[in-house]
Amino acid sequence: MSPRLKIPRKVETLPPVRVFAPAPSLAQTEGVKPVLVFFEELEAFRLCDYDGLTQQQASERMGVSRPTFTRIYSSSLRKIATAIVEGRPFEFMGGSGYFNSDWHHCSECGGFFSFPLKPQEPTACPVCGSVHISRLEDTFNPDEEGDYINSCPYCGCPSGEGKGRKAHSRRKCKNCGRIYITTSD
Amino acid sequence: MKIAIASTGNETKSRLSPVFSRCNTFVFFDSETHALEFFPNPFKNAGNEAGNLAMQLMVSRGVDMVVGMRFGQKIKQGFDSRKICMVIYKDPQMEVGDVVRLLNKRKV
């Protein structure tokens, strides 16, 4: 039986550097294997020790349970301790994290935009440059407002013939006759 | 800064495409030279993974911002980890020229 899949961990910031190494004059870095620190481990370390959150709050930020968060956090501490005690460099990579940015709304041009450069906050709309922007809730889903999934991508005609009414079904447009797939891609 | 706009046609009067990765044409706009490039979408009729392929195209073109009407469920994580900003306009009457006008206005 294959093991259960890991829940993807929400990671807010990328590490500022890829490798964190001891000073080259003091350590012989050649032939020393770096310690691989996953992005979610660095995130757990950052939330708990840099931002000063409790493990309960930090686990909610990363979208995992509190016991899972504790495992990620203790693994990060162990890896960092290994690297410091043995004088090895860290390398940040991989893991099962994903990145997610917040949605913002511009009231001047009416657009919704994401801002991936966390932890900075946007100061102006990236399209029109207006400062009248507001941050939307975490639960905001841009696909829920307005129904464009069932319309023809060529002419915008809303009605199509075909099997099924859900995503990934083949449709034929009544207006232009072209076949398209209703998809979430 | 390079901006990609998902369009239904190859002129500035074309409307924004309802589906980003299956649009007819990608319009690449360079905010420094104000140049527009109309690029036919090679993944328009791709069976699967059109979003992923379109994202790889954006990354290879060095795009910093993508503009569309609707994006897929899985594409946001990819754009976020590549630090590409996503902009969504819900207005179905929005034209490519309107977006370009807004972008030009910002420059001034």
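Let me begin by describing the structure that accompanies this report. Nothing here was measured: the structure is a model prediction, and the numbers come from that model.

Reading guide: rules and limits
Residues numbered from 1 in each chain as written. Chains lettered and ligands numbered in written order. Predicted model: local features only at pLDDT ≥ 70, side-chain atom pairs only at ≥ 80, totals over all residues. Heavy atoms only, no water. Pairing = 2+ DSSP bridges. Helix = DSSP H or I, 4+ residues; strand = E, 2+ residues; numbered from the N terminus. Axes fitted to C-alpha atoms, helices over the stretch in contact; angles between N-to-C directions. Contact = heavy atoms within 4.5 Å. Buried area = accessible area lost by both parts, 1.4 Å probe. Polar contact = N/O pair within 3.5 Å; in protein donor to acceptor, adjacent residues only side chain to side chain. Nonpolar A, V, L, I, M, F, W, Y, C, P; charged D, E, K, R; others polar.

Re the sheet that holds strand 1 (residues 2-7) of chain B
(1) Moving on: What the 8 strands build is an open sheet, ordered 8(A)-6(A)-7(A)-5(B)-4(B)-1(B)-2(B)-3(B); its pairing is mixed. Each end of this open sheet is capped by a strand with a single partner; those strands are strand 8 (133-135) of chain A together with strand 3 (35-40) of chain B. Put simply, the sheet's adjacent strands are angled 25 degrees from each other on average, direction ignored.
(2) Moving on: Relative to strand 8 of chain A, strand 6 (residues 102-106) of chain A runs antiparallel, the two sharing 3 bridges.

Some remarks on the interface of chain B and chain A
(1) Moving on: Chain B puts 37 residues into the contact, and the matching count from chain A is 32 residues.
(2) Moving on: For the pair chain B and chain A, the two sides together bury roughly 3300 Å², of which 57% comes from carbon and sulfur.
(3) Moving on: One can count 2 residue pairs in polar contact (both at pLDDT 80 or more) joining chain B with chain A.
(4) Moving on: At the level of secondary structure, the elements contributing two or more residues to the side of chain B that touches chain A comprise helix 1 (50-61), helix 2 (75-81), strand 5 (85-89) and helix 3 (96-107) of chain B.
(5) Moving on: Partitioned by chemical class, the residues of the side of chain B that touches chain A number 16 nonpolar, 10 polar and 11 charged.
(6) Moving on: As paired elements, strand 7 (residues 111-115) of chain A and strand 5 of chain B share 3 bridges and run antiparallel to each other. Bridging from a neighbouring strand, Phe 112 of chain A pairs with Ile 88 of chain B of strand 5 of chain B.

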